[in-house]
Structure formats: structure tokens, C-alpha cells
There are 2 protein chains.
Amino acid sequence: MLGRVRSAMAQLVGGLGGGGSPSSPPSVSASSGSAAAAPPPPPPPAAPGPSASATAASTGPCREPPRSSFSRPAFLQLTPEELLRADDHTGRAVQSPRESRRRLPWSTGYAEVINAGKSQHNEDQACCEAVYVEKRRAVRNNPGTKGLTFYYWGLFDGHAGSGAAVMASKLLHFQIRDQLRDLVDILQDSSLPPICLEDGPRTVLGEPTGFLWLRKMLRSQTMPCHSLVVGAIENAFKQMDIQIEQERVARHASGGCCALAAVYLLGKFYVANAGDSRAIIIRNGEIIPMSREFTPETERQRLQFLGFLRPELLGNEFTHLEFPRRIQHKEVGKKMLYRDQNMNGWAYKRIEEDDLKFPLVYGEGKKARMMATIGVTRGLGDHDLKVYSSNIHIKPFLSCTPEVRVYDLTQYEHCPDDVLVLGTDGLWDVTNDREVANVVFDVLMGYEPNDPCRYTMVAQELVVRSRGVLKERGWRLANDKLGSGDDISVFVIPLGGPGNYT
Amino acid sequence: MLGRVRSAMAQLVGGLGGGGSPSSPPSVSASSGSAAAAPPPPPPPAAPGPSASATAASTGPCREPPRSSFSRPAFLQLTPEELLRADDHTGRAVQSPRESRRRLPWSTGYAEVINAGKSQHNEDQACCEAVYVEKRRAVRNNPGTKGLTFYYWGLFDGHAGSGAAVMASKLLHFQIRDQLRDLVDILQDSSLPPICLEDGPRTVLGEPTGFLWLRKMLRSQTMPCHSLVVGAIENAFKQMDIQIEQERVARHASGGCCALAAVYLLGKFYVANAGDSRAIIIRNGEIIPMSREFTPETERQRLQFLGFLRPELLGNEFTHLEFPRRIQHKEVGKKMLYRDQNMNGWAYKRIEEDDLKFPLVYGEGKKARMMATIGVTRGLGDHDLKVYSSNIHIKPFLSCTPEVRVYDLTQYEHCPDDVLVLGTDGLWDVTNDREVANVVFDVLMGYEPNDPCRYTMVAQELVVRSRGVLKERGWRLANDKLGSGDDISVFVIPLGGPGNYT
């Protein structure tokens, strides 16, 4: 994902090129971007293993060191030597959990590879945990019920520094756990959720504001339990973003990250996406999208609407109007195509001097940029991100709210070849849904349905295939097209089959 | 549509009931709502016929009298006696163009019926025209090309007065024509639209604002011609809304209206919708939705986002948060389900006194209301609409921008039974897509494919079927369920067949 910031930055500073070497200057878009280019700290001890953080999950604050020094996912359990090798841009060795070590929940497959030199470290991060949710207290008089366990997979694609991605990968599942605490009893109860919980002081204040006739017409609604889990995940992302803002200095959590998380709870999958990572389910060969990308192109109208309502956020340098190309000052007075915040079509307007400002949203597809700086519009962090050589903050336009899609695992009989694939954009930029489905089919066919390593083999093949092989002219795919020079991380989660639910 | 305002108002003032009689007080939601309940003016002379306004279409300002007195669509050519009959709530006679009179373009079928007494007049309006677009001037040196003709169908569902609907029905197609003037040459040219038109003074002002490095990175984009037609229609709705605001006093154009317009131009249909009317194409029995409804439920997040960014618009009476039911002051301090502007799920929050305000958006489905007042969130007019007994304006939350869907008529071989159906919510509230498709099939089967009256027969059957017949217990459908007590208006437009394109 860094490329989406860096490549814009490159143009801004005049041609660094999207694939700058590790010696490129730090991303100019983050005022505290030093983490992106500072010399690597001595390889830290491997972060606490799954068992350790699973314990932490049930007892509260997690145990990673106060400074989020660079590391790879805890479940890889890399030795310092392995960590150095994983960090080598020239070899780009694919990393996966060793069979000899602890297996991931559900026999999940995972593989990752570092970028081709765009950033010093692999700025993707990942997490896979079984998390226990302890009741905060019986919100309804129901002492009988126990806590809940959810399964969790998270991918975090960092940009302008790896700090935010590292921090989110270590803490987001705890934020989700904390948001679920109030719901432990409710989710295990067959009846509909209560609209009002009975705890809290029975404070009686004065008459409520608002007209009496208004309050008269309010009636009760009901909503299904899964909408509470969706709300819990949405708020967990929000709290995670707040925590990154509060602790970013102490933790050196610079930059920002896209976040893609999958939660399995009580028979349902919840796939939450904020950014341009993507998730698909492959079921009996059929492709079911479980996310959509949030970019300046897909969120154009939200961004323009905000710029229109809050012009002060544009710093007198940007216009909320969209224009198809650069306007030259000699064109003032002519009619130029434009698009306003509430338009989907294009029309001509007479150019005024104010229109010479730079469009808030500019470009198409992968090249689309917001404030000429960033190519994703949702994610965590980026609290320090500013437009190059200005004091214009990007953060007000970024959303930390994920789109959460729900998939009911109980509505379909899944076979061992049905999987949920999570990948950062390094995968999807060069391998489309159908190609991913074909790789899944081809690789799984080569292994027994109950062979737990088969999903790791799929993940590795997806990463290798998207990275390509190093030739004279860089990393090349089988068809000789350019492979992905970005960090690539992939989870392959089996939806069915023996022993996957333990 | 009035029901959506009136029924809320009814609750507000304590039980008027959604189906109040003509003697009900005027809608309390419009400060100048008198037109809704004032005694009917003497039947005006029929508005200028199609030929007259077709002429007007090519020469500029249309010729209807300055005061938009109540009338029925010009193409019905009703005599004063017929107008009185059409205005009778007890008989609810279905109105259609007489075969003996001028036929609508494309042999379009049309039928309408007045409401069961919810408002004094039928607040739906309709328009069907062939409109000639004269070049404003050759924007590119192309004197050879002539003007263009587009075909136009419009339905306008008024609320809180009929003035806005009457005005829009007489003027919106001229606004579309004016927006298309610059495009006459461009749309007839096979090459892509120019990004900048060459007219206008070549004013040279000082250096443009914005960073040099920003302007450097701007490149050219291209967009297809149909996106310019979409933009023209979007801006025509905007201009129509501005004109209503400017002339509403002189024209007594009270209230507001939903607007659904279909434009046929150069082989493509453009269906523009702002409100809760709906359009579907029925092609070879298949149903293709050509619009979606804009209500407080479907636009919840846009409304909440605006209320969140501009709390002053909530007048200290409403909260942008959504709650599932009325909150009682004794519940302050407890945890209640809520939904914020960026959430799709629900979560619990501890109730503060500020949460006792009324939710900006409240209710589900047809009962959903914005500011407890209105059930549609897009349309024209409503500049005077305020929350009952307050000075809180509704208009800032309403959008006049339509969603425009494009259907390429040349991509498919259409048969005489393929139709585009436009209907106000009076139709869709009681007759669903499949039932409409069945009526289309059954009725058309009874007529020769080249019988031009067959589409009128479909429209009439759709209206009669949705109105029902008057029994002791009100208007009842064949299945004895309640018929629609709302105004009902329907266009049935043939997409193929002999002679329909002239």
C-alpha cells in the first residue's frame, strides 16, 4: 500500500519513482515518518506467541513492549536470523508458519513476502488468534452463561511507516473483545436483544428536551443479534484509531494502515474492511466478494461532500470540485468539464480563478489520489499525515469505519475446498478473483482433504505467483508481466472440513 | 406521497389519521401550505396543449399562466367539466388521453386517479413531450449539425400543496433542454467530448493558486458522451429547484414534489429519480429496476452525516444519533441501543440528557420519517417546509439531485411487449414489480401488437387494480386488502414495435 502514498509523493517531489529503494527519503507525507526510513533496530525478540497473547486476551492489556519496534507476525515465531532473512528485499523469501511449530486455528494457511524495495521493512502485518470474551457483568440476570470465544484473522497494510500497522495487529482483536463484553449474555440468548440495558444509575433528571408531540410518536423497534456484533466491530475500529492517536508518540506508531479483519462468532463470519485489502469466499468454485475497496474513486462523493461542507479543511489549496485535467490560468473564462459532490455525470462550467485550485479528488483507478497524497480513504492511524510542504491535514477526510459483511456459515454445507481468502493489495493488484480461485482449486487438489498443511500451500502459491521470479528486468510473472513489487500477505481460511472448527 | 407528510403530521397533532378528509387542516409542515386546503379555484382553462408547449420548447420560456393554478396534465386536454370529474374523490374516475384526441409520443400509455380524500386535489402531475434542443451556438466549428430532439416523460408527486408539482411538470423539460444546448454538437460527434470548450474570453489572470508541484501532476482524462447527458439532467433538476424557490411566491408554488423523469436521446434512455416514485423496464418478462427510492431509511447515513457536521441545522430539538425507540428521562444513565452516522450495526451507549432529543431519522420502511416530518429525502421544492411549531427548516436535508440510470436501447432487440413503466408510489405501495409485469403481459396479450391503444389499456388496468373498488369498508383490491388511497399516476412506454420512435 505504501506505493499509493509514495508514488504520489514521488510525483510531488519530482520523480522519485514509485519503486524507490530503501535509501529513498522517508515518506514526506507523515510529519513523524522517521520510522519509515530510520535504520532498522536490532531484531527484537519474537513478540509474545499466540498462547501468551491468548492469555492476555482473557486478562486485559496485551503484553507487547511499549515501543512497537518492527517485527513480523507473532505466529510466525521467527528467530532473529529468520527475521533478517524475511526482511531481505533481494531474495524476497516467502514466509509461512512452520509445520513443526504451533498450527494456526482452523488449520489456516498464511504466507507473506516483503516488497521489492519500496520501503525498508515489510509494512504489512498480520494476526490470527482465538480470543476469549469474558462477561463484564451479567447485564441481564443470567449468571449461568459463560464467556464466548471468537476466532480472528487480521491483515494490516501499512503506509508512511510501519508503526500503526504493528500496533493495530497487536491490539485490534482486544478492542473487538472489549466491545463484545456487554453482549456475552445477549448473544447467547435466543430472544431479541434488549433495547435498554438495566444497569447504570437510575438518574432522574428534568423533563427531556424536544416537543411532547414528537416524543409521543416514538415506538419500539427490534434488531437482530448480528447487527450488534457489526456495531461492536465498527466501534472497535474507532477505539483502535483513538488508541493509535493517543499512544503514537510513546509507541513510535507512525503512519497509517489499511485494516481487514475476519471474525468468526457463533456460526457467522464478520468480514470488516477499511482500506484496499480484499476478501473473497470461494465456495464450490463460486466467488463471493466479502469486501469492497475504499479509495478516492469509490468514496469521491463522501470526500467532496465533506470538502463542500467544511471548506476550511481544504486549506485554500484544494477545491472540492473534480476536473478531468489540470486547468491552466489562461483557461479562466472558458468552459471546462467538472463534477460536483452531488453529481455522477459531468457538465461544463465557466472556469473562475478559484477553480485553479487542485481538485480534492483526482485520478482514476489505482492512480486516484485524495489531496494528491493518498490512494486509500479508510484505515487506521495517519493522524500526522499532511499534504506535502503544507499544514493541511489528511486525517479529517479519512474514515476508520469498516464496512462489515456478514456470512452465515450455517446456511450452507461447506466442503474442505471452500475457503475465505484475505489478501493485501499486493496480491490483488496482479492476481484477480478468478485466478485466485483457480490457484485454490489446483493446489488443494494435490493434497488430501484432511491434510492440515494444504491451506498454507495455497497461501504460498498465491504469494509466489503474485511476486513472480527475479529476472534481469525485475520481478516477473509467468506471463512475463511485472510481478507485484509491494508487500504481499495472504490468509487462506477453510470454511469446512474435519477439525477446522477447533 | 402526501400521506408521507400528512401521516406524520397526523401523529404530531395527535391522531388526525393518515387518511384525513379534504376538510383536514392543511399540512402543518409547510408555512405557506394554504394551497393544499384552500377552496379550489374555478377550473382554469386547460393548460396549453402539447403542440403549444412543443413550440415553446423551441423558442424558450414556456407560456403557462404566471399563477400555477391547479390543473391536470396538458396532454389530457380535459374540459372544465372533465376536470371537475377528475377532481372527485368519491368516484375516483380513472383518467387517460382520449383516443379521439392527440396521441402521446411513442403511443405511450397513461392513466391517473385522484386520492381517496387525503388532499383536496390530485397532487400528482405528469408531462409527456417531444422537445427540440436548439444549438446555443457552435461550440466547435461545426455549423453543419442541426438541433436535437429528445422525448420526455415526467411524473411529479406533490406533497404539502400542489404548486411545486404543477410548476415542475410544466418546466423541468425546458430546464433539461437548456442544459443540453451546449452539447448539441458534441453529442452528434463520434469523437470524445472536449474537456474544455473554446468559447469564452481568453482572460489571462495572474498565476493560478496551488503548489506548482501539484499542478505538474495533472493529466487529462476522458469520459463518454452519455456522462454529459447525465450531468445535464442532474443540473436541470438543480436549476428547476432554484426556479421554484425564486418564483414560488409569484406562482403560489407551495409544497414540494418527488420527480421521476425519463429522457430518450440518441438511442439511450435516461431515467432520473428524486423521491419515492419508481421505474422498471419489463423486457421479455424480465424485470430491470431503473430507479431506487430515496427515503429517510435509504439515505439515513447522508442525513446523519449532515446533522453531525452541521448540528445547528438540528435546532437543538433533534439528535443526529438514531435510537430504536423513545427514550424516557428516567433512562438517563442506562445503556441504550443507538446507531451513529458512520455505523450500519447497532451498539449500546450510556444515555446522556442530550440523547433525549428526538432522532433526526426515525422509523422503518414506509413509516420512516426525517425530523418527524417527511418520508422522502429527495425532490423539488419544500423551501418553506419546517418542523411543526418550530423554526427548523427541513430543506437543508433534502436533495434535489436525481439518481440517473442509463439504458442503451440499441443493445437489445425489443419487441412490442417490452415496456418502461413509470409510477408514483400510489401504484407501488399496493402492486409490486412482478404483479405489474403480469398485468403488462395479460393486457398486451389481448391487443394486436400494432394497436396503439394497448399501452393505455395497460396503464388503466394498473391504476384500477391499485385503486380497487369502493366497498363499505373503503377502497378494496380483488384480494379484499386495502387499495391505494393515494393519488396514482402511471406511464407505460413501449420500447419497441412499429412506429413507436416517431
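Residues numbered from 1 in each chain as written. Chains lettered and ligands numbered in written order. Predicted model: local features only at pLDDT ≥ 70, side-chain atom pairs only at ≥ 80, totals over all residues. Heavy atoms only, no water.

## Description of the packing of aromatic side chains
In the structure shown here, the tally under the stated rule is 25 aromatic pairs over all chains. With centroids separated by 6.1 Å and ring planes inclined at 65°, the aromatic side chains of A:Phe358 and A:Tyr362 adopt a geometry described as edge-to-face. As far as the burial class goes, A:Phe358 and A:Tyr362 line up, both buried. Between B:Tyr151 and B:Tyr264, the ring centres sit 6.4 Å apart and the planes meet at 45°, which makes this aromatic pair tilted. Of the two residues, B:Tyr151 is situated in strand β3 (residues 148-159) and B:Tyr264 in strand β5 (residues 256-265); the sequence distance between them amounts to 113 residues. A relative accessible area of 15% places B:Tyr151 in the buried class. Aromatic rings pair up to connect A:Trp106, A:Tyr151, A:Trp153, A:Tyr264 and A:Phe269 into one cluster. Between the NZ or CZ atom of B:Arg283 and the centre of the ring of B:Tyr412, over which it lies, the distance is 3.9 Å. (Phe/Tyr/Trp six-rings, centres within 6.5 Å; stacked < 30°, edge-to-face > 60°. Buried < 20%, exposed > 50% of the residue type's maximum accessible area, 1.4 Å probe, protein only. Helix = DSSP H or I, 4+ residues; strand = E, 2+ residues; numbered from the N terminus. Lys NZ or Arg CZ within 6 Å of the ring centre and 35° of its normal.)

## Focus on the packing of helix α11 (residues 433-445) of chain A against helix α12 (residues 454-467) of chain A
Residue and element names in this part refer to chain A. One way to put it is that α11 packs onto α12 with a least axis distance of 9 Å and a crossing angle of 135°. In terms of orientation, α11 lies oblique with respect to α12. Taken as a pair, α11 and α12 cross one another with a handedness that is right-handed. Contact residues: Glu435, Val436, Val439, Val440, Val443 and Leu444 in α11; Arg454, Tyr455, Met457, Val458, Glu461, Leu462 and Arg465 in α12. When grouped by side-chain class, the residues that make up the contact of α11 with α12 number 9 nonpolar, no polar and 4 charged. (Axes fitted to C-alpha atoms, helices over the stretch in contact; angles between N-to-C directions. Parallel < 35°, antiparallel > 145°, perpendicular 65-115°, else oblique. Left-handed = near helix turned anticlockwise from the far one by under 90°. Contact = heavy atoms within 4.5 Å. Nonpolar A, V, L, I, M, F, W, Y, C, P; charged D, E, K, R; others polar.)

## Some details on unusual backbone geometry
Even without being glycine, A:His252 reaches a positive phi, approximately 55°. Of note, the phi angle at B:Gln77 is positive, near 50°, even though the residue is not glycine. Looking at the element boundaries, B:Gln77 is found in the loop between α3 (50-59) and α4 (80-86). Judged by its relative accessible area of 31%, B:Gln77 falls in the partly exposed class.

## Thoughts on the confidence of the model for chain A
All names here are of chain A. Across chain A, the average pLDDT comes to 82, with 78% of residues at or above 70. Confidence drops under pLDDT 50 across residues 200-210; counting only partners more than four residues distant or on other chains, this segment forms 30 contacts. Every residue in residues 212-220 scores below 50 in pLDDT, and together they form 34 contacts with partners more than four places removed in sequence or on other chains. Reported for the predicted complex are a pTM of 0.82 and an ipTM of 0.81. (pLDDT = per-residue confidence, 0-100.)

## Things to note about the pattern of salt bridges
In total, this model carries 60 salt bridges over all chains according to the counting rule given. B:Arg405 serves as the salt-bridge partner of B:Glu403, at 3.0 Å between the closest nitrogen and oxygen. Taking relative accessible area as the criterion, B:Arg405 reaches 25% and is therefore assigned partly exposed. What emerges from the salt-bridge pattern is a single network uniting A:Arg177, A:Asp178 and A:Arg181. (Salt bridge = Lys/Arg side-chain N within 4 Å of Asp/Glu carboxyl O.)

## Describing the sheet that holds strand β8 (residues 286-289) of chain B
Residue and element names in this part refer to chain B. Sheet architecture is open: 5 strands sit in the order β1-β20-β17-β7-β8, paired in antiparallel fashion. At either margin of the open sheet sits one strand with a lone partner, and together these are β1 (109-113) and β8. Across the sheet, the mean angle from the axis of one strand to that of its neighbour is 20°, orientation sign disregarded. Bridge analysis of strand β7 (residues 278-283) against β8 gives 4 bridges, and the strand direction is antiparallel. Residue Ile281 lies in a different strand from β8, and its bridge partner there is Ile288. Seen against the sheet, helix α11 (residues 433-445) touches β7, β8 and β17 (419-423) and runs at an angle of roughly 50° to β7. (Pairing = 2+ DSSP bridges.)

## Notes on the pairing of strand β2 (residues 124-133) of chain A
Residues and elements named next belong to chain A. With 8 of 10 residues buried, β2 is to be regarded as a mostly interior element. Judged from the 10 bridges that link them, β2 and strand β3 (residues 148-159) form a sheet pairing that is antiparallel. Residue Ala130 lies in a different strand from β3, and its bridge partner there is Tyr151.

## Notes on α11(A)
All names here are of chain A. Between the first and last C-alpha of α11 there are 18 Å, a value that for 13 residues agrees with the 18 Å anticipated at 1.5 Å per step. Of the surrounding secondary structure, the elements contacted by the buried residues of α11 are β7 (278-283), β8 (286-289), β17 (419-423), α10 (425-428) and α12. Sitting at the head of α11, Asn432 places a side-chain oxygen 3.1 Å from the backbone nitrogen of Arg434. (Expected span 1.5 Å × (residues − 1). Polar contact = N/O pair within 3.5 Å; in protein donor to acceptor, adjacent residues only side chain to side chain.)

## As for the environment of B:Lys118
All names here are of chain B. Relative to the assigned elements, Lys118 resides in the loop between β1 and β2 (124-133). Accessibility expressed as a relative area gives 15% for Lys118, which makes it buried. Considered as a pair, Lys118 and Ala261 are 143 residues apart in the sequence and their alpha carbons are 25 Å apart.

## Focus on the sheet that holds strand β10 (residues 335-338) of chain B
Strands sit in the order β4(A)-β10(B)-β11(B) across an open sheet of 3 strands; the sheet is antiparallel. Only two strands of the sheet have a single neighbouring strand rather than two, namely β4 (196-197) of chain A together with β11 (347-350) of chain B. For β4(A) and β10(B), the ladder comprises 2 bridges, and the chain directions are antiparallel. Residue pairing across strands places A:Cys196 opposite B:Met336, the latter belonging to β10(B).

## Quick notes on helix α5 (residues 163-180) of chain A
Between its first and last C-alpha, α5(A) extends 26 Å over 18 residues, near the 26 Å set by a 1.5 Å rise per residue. Taking the largest bend as the criterion, α5(A) deviates by roughly 40°, centred on A:Leu171. (Bend = angle between axes of the 7 residues up to and from the residue.)

## A look at the packing of helix α5 (residues 163-180) of chain B against helix α8 (residues 225-247) of chain B
For any two helices packed against each other, the geometry comes down to the angle between their axes and how far apart the axes lie. All names here are of chain B. Viewed as axis vectors pointing N to C, α5 and α8 meet at an angle of 135°, and their least axial separation amounts to 8 Å. In terms of orientation, α5 and α8 fall into the oblique class. Relative to α8, α5 is oriented so that their crossing is right-handed. Where α5 approaches α8, its residues Ala164, Met167, Ala168, Leu171, Leu172, Gln175, Ile176, Gln179 and Leu180 are matched on the opposing element by Val229, Ala232, Ile233, Asn235, Ala236, Phe237, Gln239, Met240, Gln243, Ile244 and Glu247. Here the residues of the contact of α5 with α8 are counted per class, giving 14 nonpolar, 5 polar and 1 charged.

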